[in-house]
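# Chain and residue survey
Here are the chains, one letter per residue:
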Amino acid sequence: MRGLAEAFRGRPGPIVAATLIVLLVVYAFVLPLVTADPFSMSGMSILDAFSPPIWMDGGQATMPFGADDQGRNLITAMAYGLRTSIMVGAISVVIGLVIGGALGLVAGFVGGRTDAIIMRLADVQLAYPALLLAMVIDGIATAILGRGRSNEMAIAIVIVSIGIAFWVQYARTIRSSVMVERDQDYVAAARVTGRSNTAILIQHILPNVMAPVLVIATINLGIAIITEATLSFLGIGIPPTYPSLGSLIRNGNNFLQSGEWWISVFPCLLLVALVVAVNVLGDHLRDHFNPKIRGRT
């Protein structure tokens, strides 16, 4: 915690980014607790469809950012969509970290043929962009489960797809760190005391290789959120009936030419604000915890 506090000391950029992230998380998870779900019949009003923002003619004080074609209050709909995007991004990062972390630990500690097999799998996956791989996994799940069942499990499928697409970075980073740490004196001392390889990996090596991995996870959070929004915008991720920033942007895109620009622009700006804040925070943490970069600043 002390090192994390030092990372923010005298740094206005990361402080602003972290503050914005906290505010957006509060907005996404608190507002839905006190408002009706805009994606249900009780949360929309067709009579309010296409209501403009409050500063335009016809705007309403209860809908400061306007309403979409279904009469959903955008300020509420964006909160629900942002909540989904944050949850999908965070859980998919955890899945990628767990899969990649486990494989990286084994590859770096065991070495030999096991290391070669895991790294060749990583090389094969690197040949496919994360978005394309997520699309393939989503398509396979739809083919196996059927369209109806797939829609019911849409969020879970998207989370797993993105998580599987991101494990390589964690595996390669942890593998490199483990190959350095396994030859340190504290590992040899643990072996002398009779500790098992599993105990050495989890209790001794893992805590010493997590700092760079957590930084990668922070940066990948923004990428995962963008990936989910892209899949939903393309219509192959979360269905339009589910709250998602990507589906809101996709829906608003249909009305840009007719003048209802706010339906797409405000969710897009919210998505950009979140991803930029996460990237700024992740870049700063990467620079802070990298001794080579920190030594030059």
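The name that an unreviewed UniProt entry assigns to the chain is ABC transporter permease, with the source organism given as Pararhizobium mangrovi. Looking at the Subcellular location (unreviewed entry) heading of the UniProt record, one finds this comment for the chain: "Cell membrane". UniProt, in the comment section headed Sequence similarities (unreviewed entry), describes the chain in these words: "Belongs to the binding-protein-dependent transport system permease family."

Our next topic: the overall build of the chain. Along the chain, the regular secondary structure elements total 13 helices and 0 strands. In sequence order, the secondary structure elements of the chain are arranged as α-α-α-α-α-α-α-α-α-α-α-α-α. A sequence separation of at least 24 residues applies to 70% of the contacts in the chain between residues at least 6 apart. Taken as a whole, the chain presents about 15,000 Å² of accessible surface, with 66% of it coming from carbon and sulfur.

Residue placement: Ser264 occurs in helix H12 (residues 262–289). Using a relative accessible area of 8% as the deciding quantity, one classes Ser264 as buried. In this structure Ser264 touches Ile249, Gly252, Asn253 and Leu256, once residues within four positions along its chain are discounted.

A cluster of nonpolar side chains, contributed by Val124, Tyr128, Leu132, Met135, Val136, Ile140, Ile144, Leu145, Met153, Phe233 and Leu234, occupies part of the molecular surface with about 970 Å² of accessible area. Contributing elements (two or more residues each) for the nonpolar patch: helix H5 (130–145) and helix H10 (197–234). Here the nonpolar patch gets 6 residues from one element, more than from any other, and that element is H5. If you trace the backbone, Ile144 turns up in helix H5. By relative accessible area, which is 66% here, Ile144 ends up exposed.

Of all residues in the chain, 90% attain a pLDDT of 70 or more, and the chain-wide mean is 82. Taking the mean pLDDT of every element in the chain, the minimum, 47, falls on helix H13 (residues 291–294) and the maximum, 90, on helix H3 (residues 74–110). Counting contacts from residues 292–297, a segment whose pLDDT is below 50, to residues more than four positions away or on other chains yields 3 contacts.

Mapped onto the present numbering, the UniProt feature "transmembrane region" (unreviewed entry) falls at residues 12–34, 86–112, 124–147, 153–170, 213–238 and 261–282. Here residues 86–112 is 96% helix and 0% strand, with 39 Å between the C-alpha atoms at its ends.

Another point: the packing of aromatic side chains. Under the counting rule described, the total for this entry stands at 5 aromatic pairs. Between Trp261 and Trp262 the ring centres are 5.8 Å apart and the planes differ by 80°, which places this aromatic pair in the edge-to-face class. Ring centres of Trp261 and Phe266 lie 5.6 Å apart, and the angle between their planes is 55°; this geometry places the pair in the tilted category. In textbook terms, an aromatic cluster arises when at least three aromatic residues are bridged by ring pairs, as seen for Trp55, Phe65, Trp261, Trp262 and Phe266.

Moving on to H5. For H5, spanning 16 residues, the distance from its first C-alpha to its last is 22 Å, which sits close to the expected 22 Å at 1.5 Å a residue. Among the residues of H5, those classed as buried are Leu133, Ala134, Ile137, Asp138, Ala141 and Thr142.

Attention shifts here to the pattern of salt bridges. For the structure shown, the criterion picks out 4 salt bridges. Ionic pairing is found between Arg72 and Asp68, a salt bridge with its closest N-O pair at 2.8 Å. Residues Asp123 and Arg120 are paired through a salt bridge, measuring 2.9 Å at the closest nitrogen-oxygen approach. Residue Asp123 and its partner Arg120 are both found in helix H4 (residues 112–126); the two are separated by 3 residues, about one turn of the helix. Overall, the relative accessible area of 34% leaves Asp123 in the partly exposed class. Via salt bridges that share partners, Arg120, Asp123 and Arg172 belong to a single interconnected network.

All right, on to the packing of H5 against helix H7 (residues 154–165) then. H7 packs onto H5 with a crossing angle of 140° between their chain directions and a minimal axis gap of 8 Å. Classed by the angle they form, the pair H5 and H7 counts as oblique. Like other packed secondary-structure pairs, H5 and H7 cross with a definite hand, here right-handed. Residue-level contacts link Ala130, Leu133, Ala134, Ile137, Asp138, Ala141 and Leu145 of H5 to Ile157, Ser161, Ile164 and Ala165 of H7. Residues belonging to the contact of H5 with H7 are distributed by class as follows: 9 nonpolar, 1 polar and 1 charged.

The rules behind each value
Within each chain, residue numbers correspond to sequence positions counted from 1 in written order. Restriction of local features to residues with pLDDT of at least 70 applies here, the model being predicted, together with a cutoff of 80 or more for giving and counting side-chain atom pairs; totals for whole chains, interfaces and linings are based on all residues. Here the side-chain values reflect all heavy atoms present in the structure, with hydrogen atoms and water set aside. UniProt positions are given in the numbering used here, feature names are shortened, and annotations may be inferred rather than shown by experiment. Helix numbering and strand numbering both begin at the N terminus, where a helix is a DSSP run of H or I of at least 4 residues and a strand a DSSP run of E of at least 2. Note on definitions: a residue-residue contact is assigned when non-hydrogen atoms from the two residues lie within 4.5 Å. Only the protein chains shown count as cover for residues, and the accessible areas themselves come from Shrake-Rupley with a 1.4 Å probe. For every residue, the accessible area (1.4 Å probe, protein chains only) is compared with the maximum for its type, and the residue is labelled buried under 20%, exposed over 50%, or partly exposed between those bounds. Patches in this entry comprise residues that are over 30% relatively accessible and not in a salt bridge; like charges within 9 Å are linked, as are nonpolar side chains (Val, Leu, Ile, Met, Phe, Trp, Tyr) within 5 Å. Whenever Lys or Arg places a side-chain nitrogen within 4 Å of a carboxyl oxygen from Asp or Glu, that contact is recorded as a salt bridge. For every residue, the pLDDT score states the predictor's confidence, bounded by 0 at the bottom and 100 at the top. What counts as a ring pair is set by centres within 6.5 Å for rings of Phe, Tyr and Trp (its six-membered ring), and what kind of pair is set by the plane angle: stacked under 30 degrees, edge-to-face over 60, tilted for all other angles. One less than the number of residues in a helix, times 1.5 Å, gives the span that helix is expected to have. To obtain an axis, a line is fitted to C-alpha atoms, over the contacting stretch when the element is a helix, and the angle between two such axes runs from 0 to 180 degrees between their N-to-C directions. When an angle is under 35 degrees it counts as roughly parallel; over 145 it counts as roughly antiparallel; between 65 and 115 it counts as roughly perpendicular; any other value is oblique. Working rule for handedness: look at the near helix, and if it is turned counterclockwise from the far one by less than a right angle, call the crossing left-handed; if clockwise, right-handed. Under the scheme applied here, ten amino acids are nonpolar (Ala, Val, Leu, Ile, Met, Phe, Trp, Tyr, Cys and Pro), four are charged (Asp, Glu, Lys and Arg), and all others, including Gly, are polar.

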